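# An overview of the molecular structure
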Amino acid sequence: MMRFLSKEYDVLICGAGPAGLYAAFSLQKRAPGRFKVAIVDRKSPWKEPVSCAEAVSQRILARYWKPNEYWIRQHLNGVFFTSPDGTRVGFQQKECGYILDRAKFHHEIADAVASLGVECDFSSEVIHLSRSDDSLWNVKLRSGDEECGLKAKVVIDATGPGSKITRGVPGLETLESGNFDLEPAIFAIAEGIPHDVHHIELLFGHKYFPGGYGWVFPRDGKTVNVGLVNARQYLRTYPPRETLLKFIADSYPEAKILSVHGGGIPCGQSFRPLAALGVFKAGDAASTVNPISRSGIIEAMKSGKIAGESAVDWLASELEEERRDIEDSIRTHWMEVQGKSHLGLARAKDGFASIKDSQFDRAAHKLASIPIEKRSLFRIFFSVLSSSPSIFWKMRSFFI
Ligand SMILES: Cc1cc2nc3c(=O)[nH]c(=O)nc-3n(C[C@H](O)[C@H](O)[C@H](O)COP(=O)(O)OP(=O)(O)OC[C@H]3O[C@@H](n4cnc5c(N)ncnc54)[C@H](O)[C@@H]3O)c2cc1C
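Residues numbered from 1 in each chain as written. Predicted model: local features only at pLDDT ≥ 70, side-chain atom pairs only at ≥ 80, totals over all residues. Heavy atoms only, no water.

The environment of the ligand is made up of 36 residues, and the closest members are Ala19, Asp41, Ala55, Val126 and Asp284. With respect to the ligand, the side chain of aspartate 41 contributes an N or O atom lying 2.6 Å from an oxygen atom. Only α1 (18-30), β7 (125-131), β10 (182-191), β14 (256-266) and α5 (297-316) provide two or more residues apiece to the shell around the ligand. The element best represented in the shell around the ligand is β14, accounting for three residues. (Near = heavy atom within 4 Å. Polar contact = N/O pair within 3.5 Å; in protein donor to acceptor, adjacent residues only side chain to side chain. Helix = DSSP H or I, 4+ residues; strand = E, 2+ residues; numbered from the N terminus.)

Following this line, the structure appears as structure tokens:
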């Protein structure tokens with residue numbers, strides 16, 4: 001049942017993943033208690049399973065949220081890359097990342113946001129947005145059989161991949177008009193797969209992972225998250241679920257699959273606006289994912305921060321022209337923070353998809369010849385660069 005304290009909000013944030021939660025947090029930090037803010041989601045942000053492999057860079061996450069052992073599944077000390085012929089090359093870097101327990105991580109941010117005065121409703125789906133005569137947004141929500149309407153000056157769309165709610169907003173990116181390059185990713189929670197709890201494992205090769213990669217990420221010491229994401233053009237010839245199950249059966253005959261889950265990863269980029277008429281987009285809804293590594297958690301937080309802080313500036317301004325400038329600056333800001341580098345990666349993506357297995361193998365053999373203690377990022381980059389420049393760029397996006 002929907003229980004809102006008000007019929008009208010300054011800001012209504014739609015979607016309580018990392019983008020929406022961090023937008024709410026950033027907004028309240030910038031202007032504590034100044035605006036009436038609500039965040040809604042159709043499900044509780046800590047509902048399991050969160051469709052994700054949950055790996056993040058420790059260094060970058062720390063800039064946005066203080067680490068807490070409560071939501072860290074594993075501390076990572078490196079990566080194993082496995083080439084198509086099975087050559088496994090390790091790279092060690094102490095405390096380079098975390099495997100999160102995203103459900104608990106979301107819970108902590110949602111609690112912080114609620115304590116800062118944001119009204120939270122995690123049982124309402126946003127079904128429609130329309131402009132009202134008083135230049136506010138009418139937001140239609142549904143919970144079970146019940147429907148209700150709220151008004152808001154600013155709407156932040158953080159509804160994730162395949163976001164639909166802003167389709168009618170003039171000037172905003174939509175599934176029809178934007179290049180979302182929505183890739184299906186699939187993963188299983190499985191046990192009986194040998195792994196190192198402090199390393200993630202990335203696997204390459206056309207047999208199972210054309211244009212993408214497979215992964216085995218540790219969880220609790222017993223189970224792993226094993227999955228794959230392939231370039232979209234291989235969707236029909238490599239159906240994700242069948243391909244994953246075959247990969248697991250062939251590679252880990254002892255594995256026991258506990259559950260299988262999927263999700264979309266929007267890897268496309270574009271120059272389209274990220275805000276118009278007081279509607280701002282953030283996270284996967286704004287296509288902020290790294291198009292090669294397909295990481296999007298920290299990217300969602302970064303863009304949520306931009307959206308939340310810009311909403312404060314937008315509300316503080318009375319002039320239409322100033323508001324348009326703030327809306328335009330969201331794209332510029334995102335491009336500076338991350339978008340420019342993502343655009344470069346997106347442009348090179350087709351080239352990555354055509355890297356031959358023999359090139360991966362050659363690069364892996366070369367790396368394997370360097371003693372592990374000498375495999376600094378610098379050495380990796382330059383030895384791979386000399387054997388295959390295209391792989392150099394591909395691997396680069398897994399580290400940066
Ligand atoms: C299989 C898989 C593995 C991944 N692994 C990694 C990884 O290891 N590391 C990494 O960094 N990234 C990873 N990603 C990407 C990462 O999960 C996303 O980039 C990130 O979750 C984006 O955050 P977000 O807040 O934009 O969207 P989401 O996390 O998708 O949050 C959107 C929220 O909006 C809600 N919502 C949607 N529609 C509505 C509506 N109409 N009304 C109300 N609420 C709505 C949803 O319920 C959801 O809670 C992975 C993705 C997939 C699919």
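For the protein chain, the domain assignment lists domain 1 (8-49 + 103-180 + 269-349) and domain 2 (78-99 + 182-266 + 355-399). On a C-alpha basis, the centres of domain 1 and domain 2 stand 31 Å from each other. On the domain 1 side of the interface with domain 2, the three residues burying the most area are Phe180, Ser293 and Arg294, jointly 43% of the side's total. For the pair domain 1 and domain 2, the number of links is one salt bridge. Across the salt bridge formed by glutamate 183 and arginine 294, the nearest N and O atoms sit 2.8 Å from each other. For the pair domain 1 and domain 2, the interface holds three residue pairs in polar contact (both at pLDDT 80 or more). (Domains from an automatic or database assignment. Buried area = accessible area lost by both parts, 1.4 Å probe. Salt bridge = Lys/Arg side-chain N within 4 Å of Asp/Glu carboxyl O.)

Attention now moves to the pairing of strand β11 (residues 199-205). Among the seven residues in β11, seven count as buried, and that is most of the element. On β11, burial covers both faces: His199, Glu201, Leu203 and Gly205 on one face and Ile200, Leu202 and Phe204 on the other are all buried. With five bridges connecting them, strand β4 (residues 72-82) and β11 associate as parallel partners. The partner of phenylalanine 81 across the bridge, within β11, is leucine 202. In this antiparallel pair of consecutive strands, β11 and strand β12 (residues 209-218), the connection spans three residues. (Buried < 20%, exposed > 50% of the residue type's maximum accessible area, 1.4 Å probe, protein only. Pairing = 2+ DSSP bridges.)

Across its 13 residues, α1 extends 18 Å between first and last C-alpha, which sits within 8% of the 18 Å expected from 1.5 Å per residue. Across the 13 residues of α1, 11 count as buried, placing the element largely inside the fold. Along α1, the positions that sit buried rather than exposed are Pro18, Ala19, Gly20, Leu21, Tyr22, Ala23, Ala24, Phe25, Ser26, Leu27 and Gln28. (Expected span 1.5 Å × (residues − 1).)

Turning our eyes to something else, we now look at the state of the cysteines. According to the stated counting rule, one finds zero disulfides in the structure shown. Of all cysteine sulfurs in the structure, the one in cysteine 52 sits closest to cysteine 96, which takes part in no disulfide; the separation is 16 Å. A residue is classified by how much of its surface remains accessible, and cysteine 96, at 22% relative accessible area, is partly exposed. Looking at cysteine 267, it has no disulfide partner, and the nearest cysteine sulfur is the one in cysteine 52, 13 Å off. Under the relative-accessibility criterion, cysteine 267 is labelled buried at 1%. (Disulfide = S-S within 2.5 Å.)

As a further point, take the nonpolar core. Judged by nonpolar contacts, the single largest core of 56 residues is most densely connected at Val11, Leu61, Trp65, Ile156 and Phe280. Per element, the largest residue contribution to this core is 10 residues, and it comes from α5. In contact with isoleucine 156, not counting residues within four places along its chain, are Val11, Leu12, Ile13, Cys14, Ala23, Phe280, Ala282, Ala307, Gly308 and Ala311. If you look at the next biggest cluster of nonpolar residues, it comprises 23 residues, including Leu76, Phe187, Ile200 and Ile292. (Core = buried A, V, L, I, M, F, W, Y, C linked by side-chain atoms within 4.5 Å. Contact = heavy atoms within 4.5 Å.)

Think of a sheet as strands paired side by side through backbone hydrogen bonds, with each pair either parallel or antiparallel. Here eight strands make up an open sheet; going across it, the order is β3-β5-β4-β11-β12-β13-β10-β14 and the pairing mixed. Both outer strands of the open sheet, β3 (55-57) and β14, are each paired with one neighbouring strand and no more. Neighbour to neighbour, the strand axes of the sheet diverge by 30° on average, direction disregarded. As judged from the nine bridges shared by β4 and strand β5 (residues 88-100), these two strands associate in the antiparallel manner. Looking across to β5, one finds that glycine 78 is bridged to glutamine 92. (Axes fitted to C-alpha atoms, helices over the stretch in contact; angles between N-to-C directions.)

Attention shifts here to the packing of aromatic side chains. Overall, the coordinates contain 17 aromatic pairs when judged by the stated rule. Between phenylalanine 81 and phenylalanine 204, the ring centres sit 6.4 Å apart and the planes meet at 20°, which makes this aromatic pair stacked. In this pair, phenylalanine 81 is assigned in strand β4 and phenylalanine 204 in strand β11, connecting sequence segments 123 residues apart. Accessibility classification places phenylalanine 81 together with phenylalanine 204 in one group, the buried group. (Phe/Tyr/Trp six-rings, centres within 6.5 Å; stacked < 30°, edge-to-face > 60°.)

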